[in-house]
Amino acid sequence: MSARLAQYGIAAVFLILGGWALLAPASVIELAVTPKYRDSSYLTVFTMACFGAQAVLFGTMALVLKWPARAFAVFAVLLLPFFVFNWYFHYEVPVLTSIGMLDFAGNVTMLVLALIGWRAAKRGEGGA
């Protein structure tokens, strides 16, 4: 897989999940948050939509920029705290439902793609 295709895959995760949060924030709250923590107030729905907008913004930038190997490596490292977030808010404080753990699946997908992209970009830059 080329670095560019890996980058497009990362963008797709942001665009799909972020687009869902942007366009249907109440649906995300209803399906991804456990009843004990679910809140459908205007501010909560607004905040979810804002979160989605930021994800769509990043996904769009991932489509139009060309990442060097270093960008893939930094992205992979910066993803690691999100795994702690997913674990904590699913197992320790059960905020996320199994559908909410789509975030975890997206993070795993992006981590794998970041590592693939890093290797491919490194080869393309003349590295080992």
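Predicted model only: the values in this text are computed from it and were never measured.

**Q** Is there a simple way to explain the packing of aromatic side chains in this structure?
**A** Throughout the structure, instances matching the rule amount to 11 aromatic pairs. Residues F58 and F75 carry aromatic rings whose centres are separated by 6.0 Å and whose planes lie at 10° to one another, so their mutual orientation is stacked. Of the two residues, F58 is situated in helix α3 (residues 42–64) and F75 in helix α4 (residues 69–92); the sequence distance between them amounts to 17 residues. These aromatic residues form a ring-pair network of at least three members: F14, F58, W67, F72 and F75.

**Q** What is the right way to read a nonpolar patch on the surface from this model?
**A** Together, M1, L5, Y8, L57, M61, L63, V64, L65, F104, V108, V112 and I116 make up a nonpolar patch on the protein surface, roughly 1,000 Å² of accessible area in all. Here I116 lies in helix α5 (residues 102–124).

**Q** Before we go on, may I ask you to explain the environment of I99 in this structure?
**A** Within the secondary structure, I99 sits in the loop between α4 and α5. Overall, I99 belongs to the partly exposed group, its relative accessible area being 36%. A sequence separation of 65 residues divides I99 from T34, and the C-alpha atoms of the two residues are 9.8 Å apart. Ignoring sequence-local partners within four residues, the contact set of I99 consists of W20, L31 and A32.

**Q** In this structure, what is going on with the nonpolar core? I would like to understand it.
**A** Note on soluble globular proteins: their nonpolar side chains tend to be buried together. Counting residues in hydrophobic clusters, the biggest one holds 20 residues, and the most contacted among them are I10, F14, W67, F72, F75 and M110. Listing elements by their share of this core, those giving two or more residues are α1 (3–23), α3, α4 and α5. Non-local contacts of F75, meaning those with residues more than four positions away in its chain, are made with I10, F14, F58, W67, M110 and A114. Judged by nonpolar contacts, the second largest core, of five residues, contains V28, I29, A32 and M48.

**Q** Please explain the layout of surface pockets as it appears in this structure.
**A** Gaps left between atoms show up when a probe the size of a water molecule is rolled over them. Size it by volume and the largest pocket reaches roughly 890 Å³. Considering the residues around the largest pocket, the lining is formed by 35 residues, among which M48, F51, F85, L96 and D103 are closest to the centre. Elements that contribute at least two residues to the lining of the largest pocket include exactly α1, α2 (25–32), α3, α4 and α5. Ranked by residues supplied to the lining of the largest pocket, first place goes to α3 with seven residues. Partitioned by chemical class, the residues of the lining of the largest pocket number 25 nonpolar, seven polar and three charged.

**Q** What should I look at first to understand the environment of G124 in this one?
**A** Summarising the element assignment, G124 is placed in helix α5. Here the alpha-carbon distance between G124 and A3, two residues 121 residues apart in the chain, equals 8.5 Å.

Quick notes on the rules
- Residues numbered from 1 in each chain as written.
- Predicted model: local features only at pLDDT ≥ 70, side-chain atom pairs only at ≥ 80, totals over all residues.
- Heavy atoms only, no water.
- Phe/Tyr/Trp six-rings, centres within 6.5 Å; stacked < 30°, edge-to-face > 60°.
- Helix = DSSP H or I, 4+ residues; strand = E, 2+ residues; numbered from the N terminus.
- Patch = residues over 30% accessible without salt bridge, like charges linked within 9 Å, V, L, I, M, F, W, Y side chains within 5 Å.
- Areas by Shrake-Rupley, 256 points an atom, 1.4 Å probe, with all protein chains shown as cover.
- Salt bridge = Lys/Arg side-chain N within 4 Å of Asp/Glu carboxyl O.
- Buried < 20%, exposed > 50% of the residue type's maximum accessible area, 1.4 Å probe, protein only.
- Contact = heavy atoms within 4.5 Å.
- Core = buried A, V, L, I, M, F, W, Y, C linked by side-chain atoms within 4.5 Å.
- 1 Å grid on protein atoms, 1.4 Å probe; cavity = no way out; pocket = protein on both sides within 12 Å on 5 of 7 lines; lining within 4 Å.
- Points joined across faces, edges and corners; volume = space filled by probe spheres on them.
- Nonpolar A, V, L, I, M, F, W, Y, C, P; charged D, E, K, R; others polar.

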